[in-house]
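Working through the structure, step by step
Here is how the chains run, residue by residue.
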Amino acid sequence: MPDLLLELFSEEMPARMQRQAAEDLKRLITNALVDRNLAYEGAQAFVTPRRLALHVVGLPAAQPTLREARKGPRVGAPEAAVQGFLKSAGLARIEDATIENDPKKGAFYVATIERPGRTTSEAVAEIVPAVVRAFPWPKSMRWGEASVRPDALRWVRPLRGILCTLATPHDAAEVVPFAVDGIESGQFTRGHRFLAPAPIDVRRYDDYVDALMKAKVVLDADRRKAIIAEDAKSLAFAQGLELVEDEGLLEEVAGLVEWPVVLMGEFEADYLNIPPEVVRATIRANQKCFVLRDADGRLANRFILVSNLIASDGGAAIAAGNARVVRARLSDARHFWLTDLHDLPDYKDKSEKPLDQRLAKLEALEIVFHEKLGTQAERIERIETLAREIAPLVGADVALAARAARLAKADLVTEMVGEFPELQGLMGRYYATHQGEEASVADAIEEHYKPQGPNDRIPASPVSIAVALADKLDTLGGFWAIDEKPTGSKDPYALRRAALGVIRIVLENGLRLPLTGPLGAAVWGALLDVEFAREDEAGAVVHSLEKRGFPKGPELDEIVGAVSRAARRAQVPDDARLAAITRSLLDFFADRLKVYLRDKGARHDLIDAVYALPGQDDLLMVVWRVEALGRLLDTEDGRNLLAGYRRAANILRAEEKRDGAGAFAGVHDPAKLALPAERDLADALAAAGAAARERAGREDFEGAMRALAGLRPPVDAFFLDVTVNADDPALRLNRLRLLGELREAVHAVADFSKVAG
Amino acid sequence: MPPADSSLDPTKSFQGLILTLQTFWARQGCLILQPYDMEVGAGTFHPATTLRSLGPKPWRAAYVQPSRRPKDGRYGENPNRLQHYYQYQVILKPSPENLQDLYLESLRAIGVDMGLHDVRFVEDDWESPTLGAWGLGWECWCDGMEVSQFTYFQQVAGFECAPVSGELTYGLERLAMYVQGVENVYDLNFNGREGEARVSYGDVFKQAEQEYSRFNFEHADTAILFQHFKDAEAECRSLLERGAGGERHLMALPAYDQCIKASHAFNLLDARGVISVTERQSYILRVRELAKACGAAWLKTAGGGA
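Cut-off values and rules
- Residues numbered from 1 in each chain as written.
- Chains lettered and ligands numbered in written order.
- Predicted model: local features only at pLDDT ≥ 70, side-chain atom pairs only at ≥ 80, totals over all residues.
- Heavy atoms only, no water.
- Helix = DSSP H or I, 4+ residues; strand = E, 2+ residues; numbered from the N terminus.
- Contact = heavy atoms within 4.5 Å.
- Pairing = 2+ DSSP bridges.
- Axes fitted to C-alpha atoms, helices over the stretch in contact; angles between N-to-C directions.
- Buried area = accessible area lost by both parts, 1.4 Å probe.
- Salt bridge = Lys/Arg side-chain N within 4 Å of Asp/Glu carboxyl O.
- Polar contact = N/O pair within 3.5 Å; in protein donor to acceptor, adjacent residues only side chain to side chain.
- Nonpolar A, V, L, I, M, F, W, Y, C, P; charged D, E, K, R; others polar.
- Domains from an automatic or database assignment.
- Buried < 20%, exposed > 50% of the residue type's maximum accessible area, 1.4 Å probe, protein only.

1. Thoughts on the environment of Y596 of chain A
Residue and element names in this part refer to chain A. Locating Y596 in the fold gives a position in helix α19 (residues 575-599). Distance from Y596 to G90, taken between C-alpha atoms, is 63 Å for residues 506 residues apart in sequence. Among residues more than four places away in sequence, those in contact with Y596 are L500, I503, R504, L507 and E508.

This is how it looks when you write it as structure tokens:
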């Protein structure tokens, strides 16, 4: 029972891809073995920065011999048929075939064809190159001279060697011979890049692991992780410190070393005056080092680094070098932090507060937010106006929401955010707190960006909600105003994410917030700024001409006139345009809400049924209606009501085709109700319709649906007893009107025609 | 053996480091070129890399490229950041089998002891959005400090590289700080002399850093820069158009110069903080379109293998 050992040796693979690659290698090779009838007992994959390895144990020496019985002609068939059979079955004489008897068909020939399996080595030599060529790397590359060919081998980084052997325990071991794009398989590997660079002759797995260990390579990633975690903890412990555990970082650094050597570095304690998030972000993101905390849980001025070398000086130079880099980075960070906390020289006269000075700078710089949407400063104005409008709707203090909106973007011109853009918002919070802003204002500055993705936390306090909504609605309103909507896979301004953010904030906080008002306000604000931006453009042209010495006079006036006319050619904002854009944006919200609810498992058709009702701009109401409708349709009465509704709607549709739309729009005449079933339905409709409308009116959708469900018996009875298309036209009209009223009553809660199934 | 003269010693002088690398790569068959005479953000912008990495012709070159990153200016006050610094650029097309080993040898040549220092290849997928270029490779770490960038070019100016080039970019100041054991870039010994004759990096560049920081952040006239950008863009397009038409393109190189100019104008505008995050993208895209068009033109020249 031979074991397979495979190693794909390459230049350093990205740490984040290693684990998946090991799993893929195991899955692809073992699947291919099984596909070729090569069952195995076990398989294990390993990965280091430079090698992907696979060990498969308990393989057969060869594929099993396949026997196939092939039916031939009946005994006594014409000679030509017999000869054809002999030829196709590869038999020399008909005597080599056996004869079987079938009760119906009589005796016939059967040939047993044996296909001896190929050796495992042959199969492996076929499998490995195919797997290597089609390996599912998230990103792969070409290299070297071969890269001119379109069919050149692709790998995550240049593939430099392949070790592939089949070894029988306590017996022979052989190389499985093959080549992939010129790289020939063999029996050699290499150890640590610097500590044991010579080729190592390997035949079987046991030798392989031992030899690598001697050559300073720990093959198993989990083993490396365990070594790092353990050594890091004990190093920390020896200093009376505790490791701030970080599984993601641990996984990553284990993929950056073949022989982990854990060391501790130190930096000056006064760097700890910087916010801990900044210290940690600096040390983790830039240096891939772990931070430590002291007994009180505060960050310590030490860090843990993981090197890949047993250095001749015990690691002193490495620790010192890393510390130097960490110090330089922290020095940068502290410089940013202190600069940001202090007055901004050119803007001291604008305000006494540092963050307000940054805001003044942001305004003064006239940073363009978008060519057509004006500057960041204009955008802040819009967001502030919106926040004021939204605040009372979400229970937030108007003044605080406005203050937070005003300061929310000021940290964009701070040094720290310039350096670590991922800290935007968080730094604003620190700086706001530092200058004595209200806690809710500081919170909102950080949280107004949230949620950033489907799993991000949503803001929950009123001021944060108001600013977060204002920010997102302004973005949406603005890009809608200039007709930059997402199309297909293109959504460069992340507008879908913004809409989803609004949806989550509203729904997860249980907010009643009809969107038409705030959306209209957002669009209107943007339209006005678009208009101003155009005027600015004209102004800028004139200014630039004057600056270049263009003389004042009729020529300049003419140019000014032309530029202004060009600027004016575009539509000016008016109520109709505002309404159309707002409508389109509401439709976009409907689409995004559908996607959101569908992801949560809601039925698509039910969402459509609710959205078909006019004026659906209150997201929470839509969700409640959809839920109530779903529960109604889960009941027997609900399903039957749906069936009755459909019958009514179908008849109406057919008759309306004949008589014209709206032909049966009026109210039925009670005097013309001829049959008891008609009268019953009319009575029930009057009661249920009123109840449904009344309950829907006070948002009791469950109750409204229940009221409708009560219509089921009279509807069923009506269709059983009454001929709608009566010969008497007056009766027909009255009955169709009754059905029209049924349709209308049902539509008070949802458009049942959209319900599928 | 390190040279006895400390003015040539890579561990004692900045110039010695550069000269050692020049000699090392000359021995590997690289043409030793000179810097491109325009303002660029990185050695990659030199046509010896950008354009020569396109097309089928083999190419090996190495050169120092002064690089300008207006945004990185710190008025001469930060020990690690400069708005003007030197990159050492090596381009090998096609990438040789032993490129990693060659790189490590070059580090040994400038005095990095691999028995003492932790050198690592850490994933860094390189991408230049303005050049429409990307490649896979690493940032090379020495004791946690990024000292080089190592890239196998896959695409440049929107074209697949065939064959693939290997590109090495050494951050010379950082590397020199490392081998000289200096914490502040301005303290680097530039010429390897001591006493009166000693010239530091600060002696040469500190004033420039201060002056250019003022220019980059405060005084560069943004209206003029916006105009420069537009002009360079227009000129680039015009040259591309005028040079086209025949079997070969006649003005790929001058057109590419304009692309470089547009890119630098953009970098300055960016440093002046007058381009928002949202707008940034569209400017980058505009430069990329120029780079792509220049790459296409280059492929229709003799140098591009046409």
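2. Structural notes on the sheet that holds strand β4 (residues 66-74) of chain A
Residues and elements named next belong to chain A. Strand order across the open sheet formed by 3 strands is β4-β6-β5, with antiparallel pairing between neighbours. Among the strands making up the open sheet, the edge pair consists of β4 and β5 (98-102). The average undirected angle you get between the axes of adjacent strands in this sheet is 35°. Here 5 bridges tie β5 to strand β6 (residues 106-115), and the two strands are oriented antiparallel to one another. Its bridge partner being in β6, I99 is matched across the sheet by Y109. Lying on the sheet, helix α2 (residues 79-89) is in contact with β4 and β6; it crosses β4 at an angle near 170°.

3. Quick word on the interface of chain A and chain B
Facing 56 residues of chain A, the contacting portion of chain B comprises 55 residues. With both chains or domains summed, chain A and chain B bury close to 4,500 Å², and 48% of this area falls on carbon and sulfur atoms. Scanning the region where chain A abuts chain B turns up 10 salt bridges. When the shortest N-O distance is used, the salt bridge between R160 of chain A and E97 of chain B registers 3.3 Å. Where chain A touches chain B, the interface holds 24 residue pairs in polar contact (both at pLDDT 80 or more). Elements represented by at least two residues in the side of chain A that touches chain B include exactly α1 (15-35), α7 (276-287), β16 (299-307), α8 (316-341) and β17 (368-370) of chain A. Broken down by class, the residue content of the side of chain A that touches chain B amounts to 25 nonpolar, 12 polar and 19 charged.

4. Details of the pairing of strand β15 (residues 290-293) of chain A
Residue and element names in this part refer to chain A. In terms of strand pairing, strand β13 (residues 242-243) meets β15 through 2 bridges, oriented antiparallel. Counterpart to L243 in the pairing with β15 is L292. As paired strands, β15 and β16 are joined by 3 bridges and run antiparallel to one another. By the bridge assignment, V291 is partnered in β16 with F303. With antiparallel pairing between neighbouring strands as the criterion, β15 and β16 make up a hairpin whose turn holds 5 residues, including G297 at a positive phi of roughly 85°.

5. Here we look at the domain arrangement of chain B
Residues and elements named next belong to chain B. What the domain assignment reports for chain B is domain 1 (14-214) and domain 2 (221-298). The distance between the C-alpha centroids of domain 1 and domain 2 comes to 24 Å. The partner domain 2 presents 20 residues to the 20 residues of domain 1 that form the contact. Contact between domain 1 and domain 2 buries roughly 1,900 Å² in total, counting both sides, with carbon and sulfur atoms accounting for 73%. Inspection of the region where domain 1 meets domain 2 yields 1 salt bridge. In this structure, the salt-bridge partner of D270 is K71, at a minimum N-O distance of 3.5 Å. Class assignment of the residues belonging to the side of domain 1 that touches domain 2 gives a composition of 12 nonpolar, 4 polar and 4 charged.

6. Concerning unusual backbone geometry
The omega torsion of the bond from K450 of chain A to P451 of chain A falls at -10°, within 30 degrees of zero and hence cis. Counting through the fold element by element, P451 of chain A comes out in the loop between α14 (439-447) and α15 (462-481). Here the residue pair A162 of chain B and P163 of chain B is connected by a cis peptide bond, since its omega of 5° sits within 30 degrees of zero. Relative to the helices and strands, P163 of chain B resides in the loop between β8 (159-160) and β9 (166-171). Despite not being glycine, A494 of chain A shows a phi value in the positive range, around 55°. Structurally, A494 of chain A is set in the loop between α15 and α16 (495-508). Under the relative-accessibility criterion, A494 of chain A is labelled partly exposed at 26%. Phi angles above zero are rare outside glycine, and Y75 of chain B is one such case at about 55°. When you line up the elements, Y75 of chain B lands in the loop between β2 (59-68) and β3 (84-93). The partly exposed category is assigned to Y75 of chain B, whose relative accessible area is 27%.

7. Looking at the pattern of salt bridges
Residues and elements named next belong to chain A. Going through the model one piece at a time under the given rule, you end up with 79 salt bridges over all chains. The shortest N-O distance in the salt bridge between R51 and E7 comes to 3.1 Å. With R51 in strand β3 (residues 51-57) and E7 in strand β1 (residues 3-10), the pair connects residues that are 44 residues apart, well separated along the chain. Residues R51 and E7 agree in their burial class; the two are buried. Ionic pairing is found between K225 and E247, a salt bridge with its closest N-O pair at 2.6 Å. Residue K225 is located in helix α5 (residues 221-238), and its partner E247 is located in helix α6 (residues 247-254); the two are separated by 22 residues in the primary sequence.

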